[in-house]
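Coordinate analysis (summary)
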Amino acid sequence: MRIRKLSALFWSTCILALIVILYVTTDLSFKLPSIRPAYQEVDENKWSSVESKLQHIEKELNQHNVVVGEIKSAFDQVVDRSHFQAPPPPRPQTERKKDYVKSEPKDYDKHFNDVNYDEDKKYSYKDIKVVGEEPPKRITVKFDQMTCPVKKDGPLQTEVQMLSLYDRMSFDDKDGGVWKQGWNVEYNEQQWNSKNKLKVFIVPHSHNDPGWIKTFENYYKTQTRAIFTNMVEKLAEKPGRKFIWCEISYLALWWTMDATDQDKAAFKSLLNSGNLEIVTGGWVMNDEASSHWMAIIQQLSTGHQWLLDKFNYIPKNAWSIDPFGYSSAQPYLLKLAGFENSVIQRVHYIVKKELALNRQLEFKWRQLWDGKGVTDMFTHMMPFYSYDVPHTCGPDPKICCQFDFKRLPGNGVTCPWGVPPVKITEKNIHDRAFMILDQWRKKSQLYRSNVLMVPLGDDFRYDRANEWDNQYLNYEMLIDYINSNVEYNAEVQFGTLQDYFKALHDDVKLSDFPTLSGDFFTYADRNQHYWSGYFTSRPFYKNMDRVLLAYVRAADSVMVQAISSGLVSKVLELQLRDRMTQARNSLSLFQHHDGITGTCRDEVREDYAKKLLTAIKHAQSAIQQASYLLLQKPQIVDQTQKDIFFDVDDIWRKHDEIPSRITIALDAVSPSRRVVLYNALAFKRTEILTLIVSSPHVEVYDPEGNPLMAQVSPIVAGERRLGFAASKFQLSFPVSVLPLAAVGYTVSLRDSSAINKYTSYARVRIYNADYWNVDLPKMFAVEQVQGRLSEDVSFKLGNTGVVADMKGLLKSISTDGKPVPIHMDYVHYDSKKEHDNNSGGYLFVPSGPAAPFTPEPYPELVITEGIHKSTLYTSLIGPKKAEVILSISINNNPSLPQSEIEIGNTFLIDPASDNLELAMRFSTNIQNGDVFYTDLNGMQMIKRRYFEKLPIQANYYPLPAAAYIEDDNTRFTILTSTPLGMAALQPGQMEVMQDRRLSRDDNRGMNQGVQDNVRTRHTFRLVLESANSPCQNKTHPENPSGQLTLGTHVSQQMLLQPIITMHYTAQDDGSRPVFSRPITNAADVVLGSFRPHVISKTKDDKKVQGVGMTFQRVYLDVCYGNKDIAKWYPVGDGQVQLSEYLDVTSSQIYESTLTFNRIRNPIPNGVLTLCPMEIRSVFVNHTLKHD
Ligand SMILES: [Zn+2]
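Below is a summary of the structure that appears in this document.

Moving on: the side chain of Glu288. By secondary structure assignment, the location of Glu288 is in the loop between β4 (276-278) and α9 (293-311). Buried within the structure, Glu288 lacks any salt-bridge partner; Arg944 is the closest side chain of opposite charge, at an N-O distance of 11 Å. Separated by 3.0 Å, the side chain of Glu288 and the backbone nitrogen of Ser327 make a polar contact. Residues within four places of Glu288 in sequence aside, it is in contact with Ser320, Gly325, Tyr326, Ser327, Gln330, Phe521 and Asn937.

Another point: helix α14 (residues 465-484). Between its terminal C-alpha atoms α14 stretches 28 Å, which fits the 28 Å expected from 20 residues at 1.5 Å a residue. For α14, every residue scored as buried is listed here: Glu467, Trp468, Asn470, Gln471, Tyr472, Asn474, Tyr475, Glu476, Leu478, Ile479 and Ile482. Of the surrounding secondary structure, the elements contacted by the buried residues of α14 are β2 (198-207), α6 (216-234), β3 (243-245), α13 (429-444), β9 (451-459) and β10 (490-494).

For the rest of this paragraph, the subject is the side chain of Thr1155. Here Thr1155 is to be found in the loop between β48 (1149-1152) and β49 (1159-1162). Owing to a relative accessible area of 0%, Thr1155 belongs among the buried residues under this scheme. Contacts of Thr1155, omitting those with residues within four sequence positions, involve Leu300, Ser301, His304, Gln305 and Ala337.

The next point concerns the coordination of the zinc ion. The coordination sphere of the zinc ion contains the protein donors His207 (NE2), Asp209 (OD), Asp322 (OD) and His593 (NE2), at a distance range of 1.9 to 2.1 Å. One can describe the donor arrangement at the zinc ion as irregular, given that its four donor atoms subtend angles of 91 to 163° at the metal. Taken in sequence order, the residues that donate to the zinc ion follow the motif H-x1-D-x112-D-x270-H. Of the two residues, Asp209 is situated in the loop between β2 and α6 and Asp322 in the loop between β5 (317-320) and α10 (329-336); the sequence distance between them amounts to 113 residues. Taking the relative accessible area as the measure of exposure, Asp322 reaches 5% and is therefore buried.

Its location among the elements puts Phe201 in strand β2. Distance from Phe201 to Leu456, taken between C-alpha atoms, is 9.9 Å for residues 255 residues apart in sequence. For Phe201, the residues in contact, after removing those within four places along its chain, are Val451, Leu452, Met453, Val454, Gln493, Phe494, Gly495, Asp499, Tyr500 and Ala503.

A word on the state of the cysteines. Counted by the stated rule, this structure contains four disulfides. Put simply, Cys148 and Cys1171 are joined by a disulfide, and their sulfur atoms are 2.0 Å apart. Classification of the bridge connecting Cys148 and Cys1171 rests on its S-S torsion, roughly -80°, and on that basis the disulfide is left-handed. In this pair, Cys148 is assigned in the loop between α4 (108-114) and β1 (160-161) and Cys1171 in the loop between β50 (1167-1169) and β51 (1175-1180), connecting sequence segments 1023 residues apart. A residue is classified by how much of its surface remains accessible, and Cys148, at 9% relative accessible area, is buried. Paired by a disulfide, Cys401 and Cys415 hold their sulfur atoms 2.0 Å apart. Disulfide Cys401-Cys415: torsion about the S-S bond near -100°, hence left-handed. Linking Cys401 in the loop between α12 (397-400) and α13 with Cys415 in the loop between α12 and α13, this pair joins segments that are 14 residues apart in sequence.

Taken in spatial order, the five strands of this open sheet run β13-β15-β19-β18-β21, and their pairing is mixed. The outermost strands of the open sheet, each flanked by one partner alone, are β13 (663-664) and β21 (759-761). Sheet topology places strand β18 (residues 710-717) next to strand β19 (residues 723-737); six bridges connect them, and they run antiparallel. Residue pairing in the sheet places Gln711 in a bridge with Ser732 of β19.

Turning our attention to the sheet that holds strand β31 (residues 882-891). Across the sheet, 12 strands lie side by side as β23-β22-β29-β30-β31-β32-β41-β38-β37-β34-β35-β42; this open sheet has mixed pairing. Looking at the sheet topology across the chains shown, the edges are occupied by β23 (781-784) and β42 (1041-1042). Relative to strand β35 (residues 940-945), strand β34 (residues 931-936) runs antiparallel, the two being bridged by six bridges. Within β35, the residue paired with Leu936 across the bridge is Gln940.

With that settled, the discussion passes to empty space enclosed by the protein. Taking a probe equal in size to a water molecule and rolling it over the atoms shows the remaining empty space. Tallying each qualifying case throughout the model produces 13 cavities of 30 Å³ or more. A volume near 160 Å³ is recorded for the largest cavity. In this structure, the largest cavity is lined by 19 residues; those nearest its centre are Gly938, Met939, Gln940, Leu1044 and Val1114. Of all elements in the fold, only α9, β35 and α19 (1046-1056) reach the threshold of two or more residues within the lining of the largest cavity. Looking at the lining of the largest cavity element by element, the count peaks at three residues for α19. Tallied by class, the residues present in the lining of the largest cavity amount to 10 nonpolar, eight polar and one charged.

A separate point is helix α7 (residues 248-257). With eight of its 10 residues buried, α7 lies for the most part within the structure. Within the sequence span of α7, burial applies to Ile248, Ser249, Tyr250, Leu251, Ala252, Leu253, Trp254 and Trp255. For α7, the secondary structure elements touched by its buried residues are α6, β3, α8 (261-273), β4, α9 and α17 (570-590).

This part covers the packing of aromatic side chains. Scanning all chains against the criterion turns up 60 aromatic pairs. Summarising the aromatic geometry, the rings of Phe363 and Phe520 are spaced 6.1 Å apart at their centres and angled 50° between planes, so their arrangement reads as tilted. On the criterion of sequence distance, the pair formed by Phe363 in strand β7 (residues 362-366) and Phe520 in the loop between β11 (515-517) and α16 (539-564) is long-range, its members being 157 residues apart. Like Phe363, the residue Phe520 is buried in the burial classification. Ring plane angle 5° and centroid distance 5.5 Å describe the contact between Trp468 and Tyr472, whose orientation is recorded as stacked. Here Trp468 and its partner Tyr472 are both found in helix α14, four residues apart, which amounts to about one turn of the helix. Judged by relative accessible area, which is 0%, Trp468 ranks as buried. The exposure class of Tyr472 is buried, given its relative accessible area of 1%. Three or more aromatic residues link up through ring pairs in this structure, and these residues are Phe228, Trp245, Trp254, Trp255, Phe267, Trp306 and Phe311. The ring of Tyr964 carries the charged tip of Arg971 above its face, separated from the ring centre by 3.7 Å.

This part is about the packing of α9 against α16. Working note: a packed helix pair is described by the angle between its axes plus the distance between those axes. Viewed as axis vectors pointing N to C, α9 and α16 meet at an angle of 65°, and their least axial separation amounts to 10 Å. For the element pair α9 / α16, the angle class is roughly perpendicular. Considering only the axes of α9 and α16, their crossing is left-handed. Contacts between α9 and α16 pair Met294, Ala295 and Gln298 from the former with Leu549, Val552, Arg553 and Asp556 from the latter. In terms of residue class, the contact of α9 with α16 is built from four nonpolar, one polar and two charged.

What follows concerns the nonpolar core. In this structure, Leu251, Phe267, Trp440, Phe520 and Phe1111 are the most contacted members of the largest nonpolar core, which totals 266 residues. The element contributing the most residues to this core is α16, with 15 residues. Apart from the residues within four sequence positions on either side, Trp440 is in contact with Leu198, Val200, Ile202, Cys393, Leu452, Val454, Tyr475, Ile482 and Val492. The next biggest cluster of nonpolar side chains, apart from the first, holds 37 residues, and it includes Val675, Ala710, Ala769 and Trp772.

About the criteria used
- Residues numbered from 1 in each chain as written.
- Predicted model: local features only at pLDDT ≥ 70, side-chain atom pairs only at ≥ 80, totals over all residues.
- Heavy atoms only, no water.
- Helix = DSSP H or I, 4+ residues; strand = E, 2+ residues; numbered from the N terminus.
- Buried < 20%, exposed > 50% of the residue type's maximum accessible area, 1.4 Å probe, protein only.
- Lys, Arg positive; Asp, Glu negative; His and termini not counted.
- Salt bridge = Lys/Arg side-chain N within 4 Å of Asp/Glu carboxyl O.
- Polar contact = N/O pair within 3.5 Å; in protein donor to acceptor, adjacent residues only side chain to side chain.
- Contact = heavy atoms within 4.5 Å.
- Expected span 1.5 Å × (residues − 1).
- Donors = N, O, S within 2.8 Å, 3.2 Å for Na, K, Ca; no water.
- Tetrahedral: all angles 85-135°; square planar, octahedral: opposite > 155°, others 65-115°.
- Disulfide = S-S within 2.5 Å.
- Pairing = 2+ DSSP bridges.
- 1 Å grid on protein atoms, 1.4 Å probe; cavity = no way out; pocket = protein on both sides within 12 Å on 5 of 7 lines; lining within 4 Å.
- Points joined across faces, edges and corners; volume = space filled by probe spheres on them.
- Nonpolar A, V, L, I, M, F, W, Y, C, P; charged D, E, K, R; others polar.
- Phe/Tyr/Trp six-rings, centres within 6.5 Å; stacked < 30°, edge-to-face > 60°.
- Lys NZ or Arg CZ within 6 Å of the ring centre and 35° of its normal.
- Axes fitted to C-alpha atoms, helices over the stretch in contact; angles between N-to-C directions.
- Parallel < 35°, antiparallel > 145°, perpendicular 65-115°, else oblique.
- Left-handed = near helix turned anticlockwise from the far one by under 90°.
- Core = buried A, V, L, I, M, F, W, Y, C linked by side-chain atoms within 4.5 Å.

See below:
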């Protein structure tokens, strides 16, 4: 009986399998052009009959799904019991169909609406997934979001709010006497007695820039190496000696290159004894204006991972003394990384004075959105002009300089105040001791405690043995003398930050310190010298930074998936790890405050750029290799020696040249090519992708072989003059890629004489170029307008329209026919040319308001219009000023129904120009008054105001990613591909600096101007959004934070992390069309990092290896923007089920510090909960298990 039943099952399975095979082959033969020549003419009727046939089979197959499933399991049992070797039956394909955008030629818009996005937020490709056969069941945990700290319905209750402080302060630069930027500090000696002594911690330090005047390696060879070798010797000579070290890039170099076993042992022993403290422990001391928060995490964790690996060491106190202004994103990251205290220095001198007057130089730095005080980071701000010795012992630099014993006569460094130090002797010690004690006492009046920090160091200090002797021996005499004289009531010692902060917190309760919110931009060190030039300096490399960041993120996430799927051999895994270590180290190095800032000498900039270039190539290589493996058939671990499978479609040939694209060459021999797309975002994205193809006769197929409606346009190219590229065309089509998924789309050649309803050709309009001999294939409808253009031009796509003036500059953007004026201009600033008062790498010192950039009249202007993408191109040449190729595009992205246009600026400042700073300006009638918003490190938005009392350069702020202005009706947002400087100098206006060329040095040490400008390309997205009123959740007018909307957040994420397009290097080998994981689609979750090979430290001090992940949940503004966007990009509930990302059981998942160096609590049920604005890291370990 049983046998008969099984046999019946077997036969019905065979019949069904036959049906499926028939279906599949029919499917393939009609849809996959690689099998069937693409030339064949297919008439309308044939297509519809094929389609109805397919629909029929599909419907039938749907009905049989359940039966097939049952049969399959029965069949599997038979196979299992009888060890019957037979190929597994094909699996049903209907599940995944709905998720892919299919093209209906007759009703183009309809198919987008048909996509079933809301029914189930989870997507799975069960039948082709390598790992985790069953998508994990989504677990929800108890998560009371009411406990979240986000607050926007009122002002933030901090004692100091920086924007309010700016409003209150007069910014008078009064001469304060010896402390020029302060006042004459006095004190009452009675405040100290034998029970209440002044405790002084002298903190020796050496500030080592990993590249500035010399390259990183050159500094190491000539200076830093000697600092280490002297350190291990001199620090151990006497028990009380202390030192702090910051830059791990240098330490790692010394450790691998030169440190002897003896050095290493000595170094470790100094660390263990607490004589040496590693502070911050980042790879570098990162810039805080232009760096992206994800890159800051990379640079911090690069250092932290190294420290854990080599010393089992976790830094506790942060030290950021040289970055040119401070972002409040940094203390949040430090807090998450487990830091308790931090030190900062370069803050506007008038802000310092104001805080010092109120003894607020030590404060709890609170996040702008934190209504509960859970994010506070204890911060110490240095009070004076600099971190060098003359400005750290007390208010009088002339006195303090005499206690910098490196400057003892004969050592090559002098005191600019005219009085050199003298060696401490028995004879002079009484006077000398009192002189410095007096300074320390005065300095202590600026703080709330009896504990005083006195840094003792400068740039690249302690590189010579005699400097160690001079500093330590002289100070040791002073220390002994003061400590032994009871009437001084002082207790002096060398200390680390840990020593200082411990004593401080023992002395004063944390609750007695003020809270502060806001940031410290824009920095000025003296006069009207605002450091807002560096927000833009060398923008080509700032852009390169973002490109590399995107590649590192993508490479990490694709590698972790390939490795954890068991698809990577051990040898290859190590190769990939090494390549990514190199890429990460270069990205981290560039976060240095003379790297991404553009404030180094030309040869150093070149060195960074070459490192970035290599890093991009390494990351691209890891991406293509790992993605290839992910797309391989299961169970095949690739053992071949081949390691290039794909070319990433972004070819960086030189370190200072805009990258180029790959042209897909199609011909009779190779009529069809598949491209693989990888989405490194943690949510599903749909957008218009553009490829370059060699022929206009092409068609596109989605991963399932369905034809897609595609647009072919001519390529408008050129650097000064526009023209059409020969034998190259743009191919644009909509793509959808699931979170962390790789998918293949196919581009095929088709018969040029056939009518193809899936390919649409752009219409072309040409102005001011009636002399052109246009030679485009005949399917492009070309209108070459005769004579000179004397009126506005316009074009429209979907709901969005653009009107541009005769030069092609934007005049308005319309939504549903309603125009909103947005006037675009280029303007330029000239530098002041006074003594010690001019623009340079760091400073922006304009001679006055900007002047209009007036290009030559009647520029060549081309508009290409199609169903997916329409673009206006214009070439604006201003002799002795700049040349700009401007493009304005509308992408008809169905998933982002918002008024969005993309601006492409490709420009070169004319080498003949002397001191020119070029900005792009938008003027609108938005009634924003003086209020505007910019982002901090791409992490959060901060409210800013234009202050008339401040000069133009003070009103310039960093623009790492986004800025907006708004009124009751409209919000206007600018998203940028490149971190730059921006300002809102007039109501309704925003401007973004594009590049700067400056012939003069600005006296901050570079000793040169910035004249190495290269042709650069920035991409901006402009988004206009209407207010949704009434809106319940409006931000209180006095709240200092801002938020992007869902639409602008999604667009910004896409701009930051473009889809990675890859081409097969050889013939397509028939790998799978899709790799994906069943990740819940939540567009408000940002995957900050997802990487293999991290190490962590358990509670019982064991080191373990695993996978690290960092998530951010953004907080979005719902009072503006199109609510329909949420249908495509649903927001989540703050719960991230980690088994969706990785095949792990919940018992293997732990919360960790931001940089993964310490394991914290187990994550119950493997579900991470995130409050809005929260960032959290997790560590996954396969051997470690909790209950
Ligand atoms: Zn520095």
